[in-house]
Amino acid sequence: MPAVQPAFPRSTVLGYPRIGPRRELKRALEAYWDGRSGRAELDRVGAELRERTWRRLAELGLEGLPSNTFSLYDHVLDTAVLLGAVPERYRAAEDPYFAMARGTQGLAPLRMTKWFDTNYHYIVPEVGPETVFALDATKPLAELRQARALGFETRPVVLGPVTFLLLSERGAAALDRLDDVLGCYEELLGVLAAEGVAWVQLDEPALVADRTPGELAAVRRAYQRLGAVAARPGLFVAAAYGDLGEALPVLAATPVEAIGLDLVRGGLDGLAALADGLQAGSAPAEAGPLAGKTVVAGVVSGRDVWRTEPGRAAYALRVVREHAGDVAVGTSCSLLHVPYDLAAEPDLDPGLRARLAFAEQKVAEVVELARAAPEGEAAAPAPSAPAAPVAAGERGPYEVRAAAQAGRLRLPPLPTTTIGSFPQTGELRAARAALAAGTLSRDAYEEQVRAEIERAIRTQERLGLDVLVHGEPERNDMVQYFAEHLDGFAVTRNGWVQSYGSRCTRPPILHGDVSRPQPVTVRWARYARSLTNRPVKGMLTGPVTIVAWSFVRDDLPLRDVVFQVAEAVREEVRDLEAAGVPIIQVDEPALRELLPLRRAGQAGYLEWAVAAYRRATSGAGDATQIHTHLCYSDADQILSAIDALDADVTTIESARSGGRILGAVGAFGRGLGPGVYDIHSPRVPGAGEIEELLRETLKALPAGRVWVNPDCGLKTRTYEQVEAALAAMVTAARRLRAEPAG
Ligand code: MET
Ligand SMILES: [Zn+2]
């Protein structure tokens, strides 16, 4: 460290969107992957996007500019490369980075999973006993130097050692490699110091979840060691997505110079914990554990699209100032999770616009708050009202329902079905774009939707499926479609947010009270039914998933918002039933996503989430069969909640997790469809392997309860793949049905 550490800048952001305001990176990546352009072109686009970001942040008046927040695919993968943790099998690939991210012909990619409680997905590093760590600082150095050449001094941002290991395949067990990884970080600090870097940001978001004493000891060891490096930049450890809790005093006792707190998510609890930890009242600012440290107060939310409430931010800043030696203003987490700029949304209602802030507007807020005088009028915000009790469901017991449904549906054993969507063809996407552009009439568009429904129904009849779906061709997205048809939501034109790699979503904005002005899906369900004598499932998205994949108003408890959506879904369920639809599927793939990171809040969340689902579905009569669907791994963490949804049939992703999920869900006393076709891959399974999977399933579950279906919807696959896979599925089910029961 220099003899006198330069002060931390007054204002900063923990990170910034990187896909480009018009998704320029997405286009450049896809052109590179398809071989339509070379590496030089991809790198040129990346450099241009970084330059644009630094210039914009500086223009807006931000003092602390971050670098190394750009990524060609994922920042956790970048960290693996930085540390040399590239598994042997990828090293010979033409482009090992993208081989790890996306796989190659002969090589499966590394696993991908959700980043904390966001809808961003990261690549899971593999760290084994044999991993040889070796620092490769090319990327952070290149970004640093690029910024410098443009006249900007930046703070490199790197994922911290503890979070890197905890997020790897082996989780906490990988901490056995902490000392080796720390060697790389020490070396990195030396390299950055030699470049004259004043501050480095090490992100440690894993510290906002419950951590064992051993894990906290790893935090202590890591930052003692990094703090002891003789020549190094100032250490800024940032903990986004929640409250540091018991990790705060641990970090505070190490030599790190700055700590970033998420004061939006950790909220006032975080502040209270901070005050307690500092023995409030005993001249804490001078004597407390944060006395010599800078706190980067994350008061501007990186997780939502709302303007910061100035009173709340001022209050939080005042409390932090009482305890910390120095305070800078920042964001609660990287701005990665919000769209670039509100200015790109000319058609939003002006009243709503006035309440919104996207990344650029949030940077302006940070700058403004940092400039405002420290002593403002700042009262503690009022606590939100306690939630109303939940009305119980009114369906009969499962046995009664099952008998009523069996009489009505008359399905064979091992009934075959799909999860809802059928391939979204290029023509359909083009038609939707033409409708939006005003070059195709609504009538002509709907004609095309009907033709797609007919194609899906005919295909399923021909292949011999037992329960048909209409294929969801009218939906661009399973949440956006409902948002467009319910009151209380707005949709954006350019509000793209990175989901993984080149993939982005455009989350709707849930800004007001939600209600259903008229039926949403009933006409399509009716049309599908008119085409066939076989049962057709009605398909709806569940209340938790609709909320989880939207930007949600923050003036009501989340729970109340979910219940409003549940009410709208309940009306739709009733109308589908009245239209004669015998099976209604209400999907909840995001049920686990809103699970609080700390155990203390988990049971309470699951209780109301389940109650909302039951509210949405319990208006259906006993003879109407309710299905639910979940996907993405980790369902095993919330099995008892899935059971409590009380759906008559649960279809669940399992083709890749195999017996693990089966053993666990076997205890459900109702219908179960563990996926037998991994729809994430272009690979088509054969009837033989599906038959094997089903045999395994039948060892764990009684035959009368098993359904045969893919892992998830088929919208990303082609008709050719889907027809072959579904044909194999039907063949396998029929072979097993033909066997004498044993
Ligand atoms: C991410 S879950 C998707 C469920 C939806 N019904 C579909 O089939 O596409
Ligand atoms: Zn799914």
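Residues numbered from 1 in each chain as written. Chains lettered and ligands numbered in written order. Predicted model: local features only at pLDDT ≥ 70, side-chain atom pairs only at ≥ 80, totals over all residues. Heavy atoms only, no water.

- Identification of the protein chain as 5-methyltetrahydropteroyltriglutamate--homocysteine S-methyltransferase from Nonomuraea indica is taken from an unreviewed UniProt entry.
- Its UniProt record gives the protein chain a comment under Cofactor (unreviewed entry), which states: "Zn(2+)". (UniProt positions renumbered as here; feature names shortened; annotations may be inferred.)

### A word on the sheet that holds strand β9 (residues 326-331)
Step number 1: Pairing is parallel across the open sheet formed by seven strands, whose spatial order is β1-β4-β5-β6-β7-β8-β9. Each edge of the open sheet carries a strand with a single partner, namely β1 (65-67) and β9. Strand-to-strand twist across the sheet, computed as the mean angle between neighbouring axes with direction ignored, equals 30°.
Step number 2: Sheet topology places strand β6 (residues 234-239) next to strand β7 (residues 258-262); four bridges connect them, and they run parallel. Paired with A239 across the bridge in β7 is L261.
Step number 3: Here helix α7 (residues 178-194) sits on the sheet in contact with β4 (154-159), β5 (199-203) and β6, set at roughly 170° to β4. (Pairing = 2+ DSSP bridges. Helix = DSSP H or I, 4+ residues; strand = E, 2+ residues; numbered from the N terminus. Axes fitted to C-alpha atoms, helices over the stretch in contact; angles between N-to-C directions. Contact = heavy atoms within 4.5 Å.)

### A word on unusual backbone geometry
Step number 1: With a phi angle near 80°, Y241 is a residue other than glycine that sits in the positive phi range.
Step number 2: On the secondary structure map, Y241 appears in the loop between β6 and α9 (247-252).
Step number 3: Of note, the phi angle at E472 is positive, near 60°, even though the residue is not glycine.
Step number 4: Along the chain, E472 turns up in the loop between α17 (442-463) and α18 (480-485).

### Observations regarding the coordination of the zinc ion (ligand 2)
Step number 1: Coordination of the zinc ion (ligand 2) by the protein comes from H629 (NE2), C631 (SG) and C712 (SG), over a distance range of 2.1 to 2.3 Å.
Step number 2: One can describe the site at the zinc ion (ligand 2) as tetrahedral: its four donor atoms subtend angles covering 99 to 124° at the metal.
Step number 3: Donor residues for the zinc ion (ligand 2), ordered by position in the chain, follow H-x1-C-x80-C. With C631 in the loop between β17 (625-630) and α23 (639-644) and C712 in the loop between α25 (687-700) and α26 (719-738), this residue pair connects regions lying 81 residues apart in the sequence. Of the two residues, C631 and C712, neither departs from the other in class, the shared state being buried. (Donors = N, O, S within 2.8 Å, 3.2 Å for Na, K, Ca; no water. Tetrahedral: all angles 85-135°; square planar, octahedral: opposite > 155°, others 65-115°. Buried < 20%, exposed > 50% of the residue type's maximum accessible area, 1.4 Å probe, protein only.)

### A look at the site of ligand 1
Step number 1: Every residue close to ligand 1 is listed here: I419, G420, S421, E472, M478, M539, D587, P589, H629, C631, C712 and G713.
Step number 2: At a separation of 3.2 Å, a nitrogen atom of ligand 1 approaches a polar backbone atom of I419.
Step number 3: At 2.8 Å from an oxygen atom of ligand 1 is found a side-chain nitrogen or oxygen belonging to S421.
Step number 4: Alone, ligand 1 offers 300 Å² of accessible surface; in the complex the protein occludes 93% of this.
Step number 5: Residues that form the shell around ligand 1 fall into these classes: six nonpolar, four polar and two charged. (Near = heavy atom within 4 Å. Polar contact = N/O pair within 3.5 Å; in protein donor to acceptor, adjacent residues only side chain to side chain. Areas by Shrake-Rupley, 256 points an atom, 1.4 Å probe, with all protein chains shown as cover. Nonpolar A, V, L, I, M, F, W, Y, C, P; charged D, E, K, R; others polar.)

### Description of the domain arrangement of the protein chain
Step number 1: Structurally, the protein chain comprises domain 1 (24-102 + 110-371) and domain 2 (398-738).
Step number 2: Put simply, the middle of domain 1 and the middle of domain 2, counted by C-alpha atoms, are 35 Å apart.
Step number 3: Taken residue by residue, the interface counts 41 residues in domain 1 and 29 residues in domain 2.
Step number 4: Between domain 1 and domain 2 the total buried area reaches about 2900 Å² when both faces are included, carbon and sulfur atoms providing 53% of it.
Step number 5: The largest contributions to the domain 1 side of the interface with domain 2 come from N119, D210 and W306, which together make up 20% of the buried area.
Step number 6: Inspection of the domain 1/domain 2 interface yields five salt bridges.
Step number 7: Salt-bridge contacts for E593 lead to K114; the nearest nitrogen and oxygen are separated by 2.8 Å.
Step number 8: Between domain 1 and domain 2 we count 17 residue pairs in polar contact (both at pLDDT 80 or more) in total.
Step number 9: Those elements giving two or more residues to the side of domain 1 that touches domain 2 turn out to be α1 (24-33) and β2 (112-114).
Step number 10: Among the elements that make up the side of domain 1 that touches domain 2, the one with the highest residue count is α1 (four residues).
Step number 11: In terms of residue class, the side of domain 1 that touches domain 2 is built from 22 nonpolar, six polar and 13 charged. (Domains from an automatic or database assignment. Buried area = accessible area lost by both parts, 1.4 Å probe. Salt bridge = Lys/Arg side-chain N within 4 Å of Asp/Glu carboxyl O.)

### Brief notes about helix α16 (residues 426-437)
Step number 1: Counted at 1.5 Å a residue, the expected span for α16 with its 12 residues is 16 Å, and the 16 Å between its end C-alpha atoms agrees.
Step number 2: All of the buried residues along α16 are L428, A431, R432, A434 and L435. One face of α16 carries all of its buried residues, which in axial projection span an arc of 165°. Summarising the geometry of α16, the exposed residues directed more than 90 degrees from the buried face are A436 and A437.
Step number 3: Check the buried side of α16 and you find it contacts α17.
Step number 4: Downstream of α16 by a residue or two, G438 has a phi angle that is positive, lying close to 85°. (Expected span 1.5 Å × (residues − 1). Arc of directions from axis to C-beta.)

### Some words on the pairing of β4
Step number 1: Among the six residues that make up β4, six are buried, leaving the element largely enclosed by the rest of the structure.
Step number 2: Every second residue of β4 is oriented toward a common face, with T154, P156 and V158 on one face and R155, V157 and L159 on the other, all of them buried.
Step number 3: Strand direction decides the pairing type here: β1 and β4, joined by three bridges, are parallel. Across the sheet, P66 pairs through a bridge with R155, a residue of β4.

### Some remarks on the packing of α17 against α26
Step number 1: Contact geometry of α17 with α26 gives a least axis separation of 9 Å together with a crossing angle of 35°. Considering only the axes of α17 and α26, their crossing is right-handed. Residues E452, R455, A456, T459, R462 and L463 of α17 touch α26, and the partners they reach there are Y719, E723, L726, A727, V730 and R734.
Step number 2: Here the residues of the contact of α17 with α26 are counted per class, giving six nonpolar, one polar and five charged. (Left-handed = near helix turned anticlockwise from the far one by under 90°.)

### Considerations on the nonpolar core
Step number 1: Judged by nonpolar contacts, the single largest core of 127 residues is most densely connected at W115, F164, Y223, L244, V299 and V363.
Step number 2: Ranked by residue count, the leading element in this core is α7, at eight residues.
Step number 3: In terms of domain composition, this core takes at least three residues from each of domain 1 (24-102 + 110-371) and domain 2 (398-738).
Step number 4: Beyond its immediate chain neighbours, meaning those up to four positions away, F164 contacts V76, T79, A80, L83, A85, P125, V127, L159 and Y185.
Step number 5: Counting 99 residues, the second-largest nonpolar core is a separate cluster that includes W524, V561, V610 and A611. (Core = buried A, V, L, I, M, F, W, Y, C linked by side-chain atoms within 4.5 Å.)

### Some words on the confidence of the model for the protein chain
Step number 1: Per-chain confidence: the protein chain averages 92 in pLDDT, with 92% of residues scoring 70 or above.
Step number 2: A low-confidence stretch, residues 279-285 stays under pLDDT 50, and its non-local contacts, those more than four residues away or across chains, total 12 contacts.
Step number 3: In the model, residues 386-390 has pLDDT below 50 throughout and makes seven contacts with residues more than four positions away in sequence or in other chains. (pLDDT = per-residue confidence, 0-100.)

### Examining the pairing of strand β14 (residues 537-541)
Step number 1: Taken across its five residues, β14 has five buried, putting it largely inside the fold.
Step number 2: Side-chain alternation along β14 places K537, M539 and T541 on one buried face and G538 and L540 on a second face that is also buried.
Step number 3: Of the pairings in the sheet, the one linking β14 to strand β16 (residues 583-587) comprises five bridges and is parallel in character. Paired with K537 across the two strands is I583, which belongs to β16.

### A short note on the environment of L409
Step number 1: Here L409 lies in helix α15 (residues 398-409).
Step number 2: In this structure L409 comes out as buried when scored by relative accessible area, which is 11%.
Step number 3: Residues L409 and P535, spaced 126 residues apart in sequence, show a C-alpha to C-alpha distance of 7.2 Å.
Step number 4: Residues in contact with L409, not counting those within four places in the same chain, are P535, P582, I583 and Q625.

### Topic: the packing of aromatic side chains
Step number 1: Counted according to the given criterion, the structure contains 16 aromatic pairs.
Step number 2: Their ring planes at 15° and their centres at 5.5 Å tell us that F116 and Y241 sit as a pair that is stacked. You can see F116 sitting in the loop between β2 and β3 (121-123) and its partner Y241 sitting in the loop between β6 and α9, a full 125 residues away along the chain.
Step number 3: Here Y241 falls in the buried class, since its relative accessible area comes to 5%.
Step number 4: In textbook terms, an aromatic cluster arises when at least three aromatic residues are bridged by ring pairs, as seen for Y32, W33, Y73, Y97 and F98.
Step number 5: Directly above the aromatic system of Y32 lies the positively charged group of R39, at a separation of 5.7 Å from the ring centroid. (Phe/Tyr/Trp six-rings, centres within 6.5 Å; stacked < 30°, edge-to-face > 60°. Lys NZ or Arg CZ within 6 Å of the ring centre and 35° of its normal.)

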